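Topology and contacts: notes
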Amino acid sequence: DTAVSQTPKYLVTQMGNDKSIKCEQNLGHDTMYWYKQDSKKFLKIMFSYNNKELIINETVPNRFSPKSPDKAHLNLHINSLELGDSAVYFCASSQGGQVAGELFFGEGSRLTVL
Amino acid sequence: AQKVTQAQTEISVVEKEDVTLDCVYETRDTTYYLFWYKQPPSGELVFLIRRNSFDEQNEISGRYSWNFQKSTSSFNFTITASQVVDSAVYFCGEYSSASKIIFGSGTRLSIRP
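Each value, and the rule that gives it
- Residues numbered from 1 in each chain as written.
- Chains lettered and ligands numbered in written order.
- Predicted model: local features only at pLDDT ≥ 70, side-chain atom pairs only at ≥ 80, totals over all residues.
- Heavy atoms only, no water.
- Contact = heavy atoms within 4.5 Å.
- Buried area = accessible area lost by both parts, 1.4 Å probe.
- Salt bridge = Lys/Arg side-chain N within 4 Å of Asp/Glu carboxyl O.
- Helix = DSSP H or I, 4+ residues; strand = E, 2+ residues; numbered from the N terminus.
- Buried < 20%, exposed > 50% of the residue type's maximum accessible area, 1.4 Å probe, protein only.
- Core = buried A, V, L, I, M, F, W, Y, C linked by side-chain atoms within 4.5 Å.
- Disulfide = S-S within 2.5 Å.
- pLDDT = per-residue confidence, 0-100.
- Phe/Tyr/Trp six-rings, centres within 6.5 Å; stacked < 30°, edge-to-face > 60°.

If you look at the interface, chain A gives 18 residues, while chain B gives 19 residues. Counting the surface lost from both chain A and chain B, the interface buries some 1,700 Å², and carbon and sulfur atoms represent 60% of this. Our enumeration of links across chain A and chain B arrives at one salt bridge. Of the charged contacts in the structure, one is a salt bridge between Lys100(B) and Glu58(A), with a shortest N-O distance of 2.5 Å.

With glycine set apart, most residues show a phi of negative sign, and most peptide bonds adopt trans. Residue and element names in this part refer to chain A. Here the bond from threonine 7 into proline 8 is cis, since omega is -5 degrees, no more than 30 degrees from zero. Structurally, proline 8 is set in the loop between strand E1 (4-7) and strand E2 (10-13). The backbone phi angle of lysine 41 is positive, close to 75 degrees, even though this residue is not glycine. Mapped onto the secondary structure, lysine 41 falls in the loop between strand E4 (31-37) and strand E5 (43-50). Taking the relative accessible area as the measure of exposure, lysine 41 reaches 25% and is therefore partly exposed.

Let's shift gears to the nonpolar core. Residue and element names in this part refer to chain B. Counting 23 residues, the largest nonpolar core has Leu21, Trp36, Trp66, Phe77, Tyr90 and Leu109 as the members making the most contacts within it. Secondary-structure elements contributing two or more residues to this core are strand E2 (10-14), strand E3 (19-21), strand E5 (33-39), strand E6 (46-52), strand E8 (64-69), strand E9 (74-79), strand E10 (88-95) and strand E12 (107-112). Excluding residues that lie within four positions of it along the chain, phenylalanine 77 makes contacts with Val19, Thr20, Leu21, Trp36, Leu48, Tyr64, Ser65, Trp66 and Tyr90.

With that out of the way, let us pick up the state of the cysteines. Under the criterion given, the structure shown has two disulfides over all chains. In this model Cys23(A) forms its disulfide with Cys91(A); the gap between the sulfur atoms is 1.8 Å. With the S-S bond torsion at -80 degrees, the cross-link from Cys23(A) to Cys91(A) turns out left-handed. Here Cys23(A), found in strand E3 (residues 19-25), pairs with Cys91(A), found in strand E9 (residues 87-94); they are 68 residues apart in sequence, far enough to count as distant. Residue pairing for Cys23(B): its cysteine sulfur links by disulfide to Cys92(B), the two sulfurs lying 1.9 Å apart. Because the sign of the S-S torsion sets the handedness, a value of about -65 degrees for the bond joining Cys23(B) and Cys92(B) places this disulfide among the left-handed ones. Highlighted residues: Cys23(B) in the loop between E3 and strand E4 (24-26) and Cys92(B) in strand E10, separated in sequence by 69 residues. The buried category is assigned to Cys23(B), whose relative accessible area is 0%.

Moving on, we come to the environment of Pro69(A). Positionally, Pro69(A) belongs in strand E7 (residues 64-70). Filtering out sequence-adjacent residues up to four positions away, Pro69(A) remains in contact with Lys52(A) and Asn75(A).

With that out of the way, let us pick up the confidence of the model for chain B. Put simply, chain B has an average pLDDT of 94, and 100% of its residues get 70 or more. When pLDDT is averaged over each element of chain B, E3(B) comes out on top at 98 and strand E7 (residues 59-61) of chain B at the bottom at 90.

Our focus in this paragraph is the pattern of salt bridges. Counted by the stated rule, this structure contains seven salt bridges over all chains. Of the charged contacts in the structure, one is a salt bridge between Asp55(B) and Arg51(B), with a shortest N-O distance of 2.9 Å. What makes Arg51(B) buried here is its relative accessible area of 7%. Salt bridges linked by common partners bring Arg63(A), Glu82(A) and Asp85(A) together as one network.

A few words now on the packing of aromatic side chains. Going through the model one piece at a time under the given rule, you end up with 21 aromatic pairs over all chains. Taking 5.1 Å as the distance between ring centres and 90 degrees as the angle between the ring planes, the aromatic pair formed by Tyr64(B) and Phe77(B) counts as edge-to-face. In this pair, Tyr64(B) sits in strand E8 while Phe77(B) sits in strand E9, placing the two residues 13 residues apart along the sequence. For Tyr64(B), a relative accessible area of 15% translates into the label buried. Measuring from centroid to centroid gives 6.3 Å for Phe91(B) and Phe103(B), while their planes differ by 75 degrees, and the two rings are edge-to-face. Here Phe91(B), found in strand E10, pairs with Phe103(B), found in strand E11 (residues 101-103); they are twelve residues apart in sequence, far enough to count as distant. According to the relative accessible area criterion, Phe91(B) is buried, its value standing at 0%. With a relative accessible area of 3%, Phe103(B) lands in the buried category. Each residue in the set Tyr33(A), Tyr35(A), Phe90(A), Phe105(A), Phe35(B), Tyr37(B), Phe47(B), Phe91(B) and Phe103(B) is aromatic and connected to the rest through ring pairs, giving one cluster.

See the structure below:
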């Protein structure tokens, strides 16, 4: 029944590893996002997809690669993890277009890079 | 450019006091949307309100109220008779032609019993 679900919820890994976070929404929305929340709670948009098409890429290092196999899924793959990648990553979805729908957020995935 | 400023980093009040969280936004667009989200200690992000740029009516929802003033580019949030459960980080956000919500840096609100 969860509207936006992310897995895993917690991820602890070593520097240099590659990891993925998966996101799925069952709201029928056409737009999905990844936001990063750092240790100071600052929420910053990373990517946005509309109907599987990338529409926003906020100068994120190319070690981060989002993939949207269909409009209900938006996964985030991170290569060569660095200490600074430690954060909480939130997936969100909305009904886009000219009228901004509210963002529905997942519960977040806390990534810790050691 | 799109920018949202929440100048209050932290606020602490005693329960039952009223508290106002400030939000100032910048945009060149005439059509835009303003949001408030709550992030309680459990970490999830909870939608509180959306307001479009053509609707300057203030809104009240229970103990929560919002004051939208285009003349000062502000969208302030007031909690009346605060309760401990209101303790959270509150984010103000703006959506405009860039097709994304930009958030302010958040205000951490602590309500002391």
